[in-house]
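Architecture at a glance
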Amino acid sequence: SKFNRATQGCRQPGSAFKAFIYGAALEHQVITPGTPLRDGPISEYDPELQVFWKPQNSGREFRGLALAHQALASSLNTPAVDVFDRVGVERVIDFARKLGVESPMHPSRPLALGASCLRPAELVGAYATIARRGHPIEPLLIKRVHHRHRHQEDRALFFDPTLSGARRLDQLAAQAGRRERETPIMDPLSAFQLAAMLRAVVAQGTATAARRLP
């Protein structure tokens, strides 16, 4: 198949979109990781779809209140809607655009739960930017190209274990030079807070099974 799911496939990201909601709210100082959020039932009529919108948490249980960092770690849906309402849809979309999301995003409340489709490459690039304290990085699809009699193209990063010692030093020097020229596209403090909140998803939240990965 010539269809590239990483760059052409568009799928609803679901809870993975919550990083953009909390990130926008942190950057605009609407919340802190310790802000208490409402975690209760929501039931609203959507005139466009002519249905009632009733987002639920996993297990259909509500806590009443949850601190922001706990809500993200447990992937609670109704607190995410609370944050979405506080920060506003335009700020959320602008934040996602700043981190490299180009896919159309419908400016409605279901966007809070990842209802608009994104391409996986966009999501990976955005999360990598968060992990790099707001410094953008281009997703790397082809790492190395070997030519039999011509120059070898090598875009591997310095921590690639397949690189020789000398080549690793070359890549480290090149990367250091690029980092000096980079300007963060996200507030570094907000990026640090958001990255810490996302780490809690694996440390104590819904993705603890990921700790068993090699």
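That block above? That's the structure.
Read on for a plain summary of the structure. From a predicted model like this one, the values you see are computed outputs, not experimental measurements.

About the cut-offs
Residues numbered from 1 in each chain as written. Predicted model: local features only at pLDDT ≥ 70, side-chain atom pairs only at ≥ 80, totals over all residues. Heavy atoms only, no water. Buried < 20%, exposed > 50% of the residue type's maximum accessible area, 1.4 Å probe, protein only. Helix = DSSP H or I, 4+ residues; strand = E, 2+ residues; numbered from the N terminus. Pairing = 2+ DSSP bridges. Disulfide = S-S within 2.5 Å. Salt bridge = Lys/Arg side-chain N within 4 Å of Asp/Glu carboxyl O. Core = buried A, V, L, I, M, F, W, Y, C linked by side-chain atoms within 4.5 Å.

**Some points on the pairing of strand β1 (residues 36-39)**
What you see with β1 is a clean split: L37 and D39 sit on the buried side and P36 and R38 on the side with no burial. When β1 meets strand β4 (residues 64-67), the two strands line up antiparallel, connected through four bridges. In the sheet register, D39 faces β4, and the bridge partner there is G64.

**With respect to the state of the cysteines**
Taken as a whole and judged by the stated rule, the model has one disulfide. With its sulfur 2.0 Å from that of its partner, C10 forms a disulfide with C117. Residues C10 and C117 are joined through a disulfide that is right-handed, its torsion about the S-S bond being 90°. Residue C10 is located in the segment before α1 (18-27), and its partner C117 is located in the loop between α4 (89-98) and α5 (120-131); the two are separated by 107 residues in the primary sequence. Note on C10: relative accessible area 25%, which makes it partly exposed. For C117, a relative accessible area of 30% gives the class partly exposed.

**Overview of the pattern of salt bridges**
By the definition in use, this model includes six salt bridges. For the salt bridge of R109 with E44, the shortest nitrogen-to-oxygen distance reads 2.3 Å. One end of the pair, R109, is in the loop between α4 and α5; the other, E44, is in strand β2 (residues 44-46), with 65 residues separating them in the sequence. Ionic pairing is found between R109 and D85, a salt bridge with its closest N-O pair at 2.6 Å. With a gap of 24 residues between them, R109 in the loop between α4 and α5 and D85 in helix α3 (residues 77-87) connect regions that are remote in the sequence. One network of salt bridges, with partners in common, ties together E44, D85 and R109.

**Re the nonpolar core**
Counting residues in each nonpolar core, the largest one holds 41 residues, and the members touching the most others are F17, F20, Y22, I31, M105, I130 and L194. Of all the elements, α1 adds the most residues to this core, at seven residues.

Purely spatial values, then, with no claim about function.
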